Amino acid sequence: MTRLRADDAAALAAGVEALLAALAVRPGFRDGEFGRSADDPTLWALVTRWEGVGAYRRALSAAEVKIAGAPVWVHALDEPGVYLPG
């Protein structure tokens, strides 16, 4: 999960749509979701699911993912990014 903070919701949503499209063609990608916080209209979450950490890391190293992700990741909050299912 990546939490993002942005004032321009439309621009962020367009960027996330392009990023999810780039991720969707990478081996091991299962699915992804994007949603807004109920308490803060500038706070968003991007959640992706993968077959394993190796597939995730390989996908992030692909040039097309880096290019599509750059406009999204500039909004990422600097916080721990690994969580275990409860």
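See the structure printed just above.
Positions within a chain are numbered from 1, following the residues in the order the chain's sequence is written. At least 70 in pLDDT is required for a residue's local features to be given in this predicted model, at least 80 for side-chain atom pairs to be given and counted, and no such filter applies to totals for whole chains, interfaces and linings, which use all residues. Each side-chain value is derived from all of the structure's non-hydrogen atoms; neither hydrogens nor water enter the calculation.

Trainee: Explanation requested: the sheet that holds strand S2 (residues 29-36) in the structure shown.
Mentor: Strand pairing within a sheet occurs via backbone hydrogen bonds; the two strands may be parallel or antiparallel. The three strands are arranged S1-S3-S2 in an open sheet whose pairing can be described as antiparallel. Of all strands in the sheet, those with a lone pairing partner are strand S1 (2-5) and S2, marking the two edges. Each strand of the sheet is rotated relative to its neighbour by a mean of 20°, with strand direction disregarded. Alignment of S1 against strand S3 (residues 43-50), held across four bridges, turns out to be antiparallel. Note on S3: the bridge partner recorded for Leu4 is Trp44. Two strands are said to pair when DSSP picks up at least two bridges between them. Put simply, DSSP marks the helices as runs of H or I at least four residues long and the strands as runs of E at least two long, and each gets a number from the N terminus on. Helix axes use the C-alpha atoms of the stretch in contact, all axes being lines fitted to C-alpha atoms, and the angles between their N-to-C directions lie in the range 0 to 180 degrees.

Trainee: Would you explain helix H1 (residues 9-24) in this entry?
Mentor: Residues spaced three or four apart along an α-helix face the same direction, because each turn holds 3.6 residues. A helix is expected to span 1.5 Å multiplied by its residue count minus one. The terminal C-alpha atoms of H1 lie 22 Å apart, and with 16 residues this matches the ideal 22 Å at 1.5 Å per residue to within 8%. Of all the residues in H1, the buried ones are Leu12, Gly15, Val16, Leu19, Leu20, Ala22 and Leu23. Seen from one end, H1 has its buried residues packed into an arc of 155°, which puts them on one side. For H1, the exposed residues set more than 90 degrees away from the buried face come down to Ala10 and Glu17. The inward-facing, buried residues of H1 contact S1, S2, S3, helix H2 (53-60) and helix H3 (63-73). When accessible area is computed with a 1.4 Å probe and restricted to protein chains, residues below 20% of their type maximum are described as buried, those above 50% as exposed, and intermediate ones as partly exposed. The directions considered for the arc run from the helix axis to the C-beta atoms. Residues count as neighbours in contact if any of their non-hydrogen atoms are within 4.5 Å of one another.

Trainee: Looking at this structure, I do not really get the packing of aromatic side chains. What am I missing?
Mentor: Remark: the centre distance and the inter-plane angle together describe each pair of aromatic rings, the angle taken between the planes. Each Phe, Tyr or Trp ring, with Trp reduced to its six-membered ring, pairs with another whose centre is within 6.5 Å; inter-plane angles below 30 degrees give stacked pairs, above 60 give edge-to-face pairs, and intermediate values give tilted ones. Within the structure shown, the criterion is met by three aromatic pairs. Taking the centre distance of 5.1 Å and the plane angle of 75° together, the rings of Phe29 and Trp50 count as edge-to-face. Residue Phe29 is found in strand S2, and its partner Trp50 is found in strand S3; the two are separated by 21 residues along the sequence. On the basis of relative accessible area, Phe29 is assigned to the buried category, the value being 17%. Using a relative accessible area of 12% as the deciding quantity, one classes Trp50 as buried. Put simply, the rings of Phe29, Trp50 and Tyr56 touch in pairs and so form one group of aromatic residues.

Trainee: Help me understand the packing of H1 against H3 in this model?
Mentor: If you want to describe how two helices pack, look at the angle between their axes and the distance between the axes. Viewed as axis vectors pointing N to C, H1 and H3 meet at an angle of 155°, and their least axial separation amounts to 8 Å. Judged by the angle between their axes, H1 and H3 are roughly antiparallel. For the pair H1 and H3, the crossing hand works out as left-handed. Contacts between H1 and H3 pair Leu12, Gly15, Val16, Ala18, Leu19, Ala22 and Leu23 from the former with Glu64, Val65, Ala68, Gly69, Val72 and Trp73 from the latter. Its residues assigned to classes, the contact of H1 with H3 comprises 10 nonpolar, two polar and one charged. Relative orientations are named as follows: roughly parallel for angles under 35 degrees, roughly antiparallel for angles over 145 degrees, roughly perpendicular for angles from 65 to 115 degrees, and oblique for any other angle. It is the rotation of the near helix from the far one that decides the hand of a crossing: anticlockwise by less than a right angle makes it left-handed, clockwise makes it right-handed. Each residue receives one of three labels: charged for Asp, Glu, Lys and Arg, nonpolar for Ala, Val, Leu, Ile, Met, Phe, Trp, Tyr, Cys and Pro, and polar for the others, Gly being one of them.

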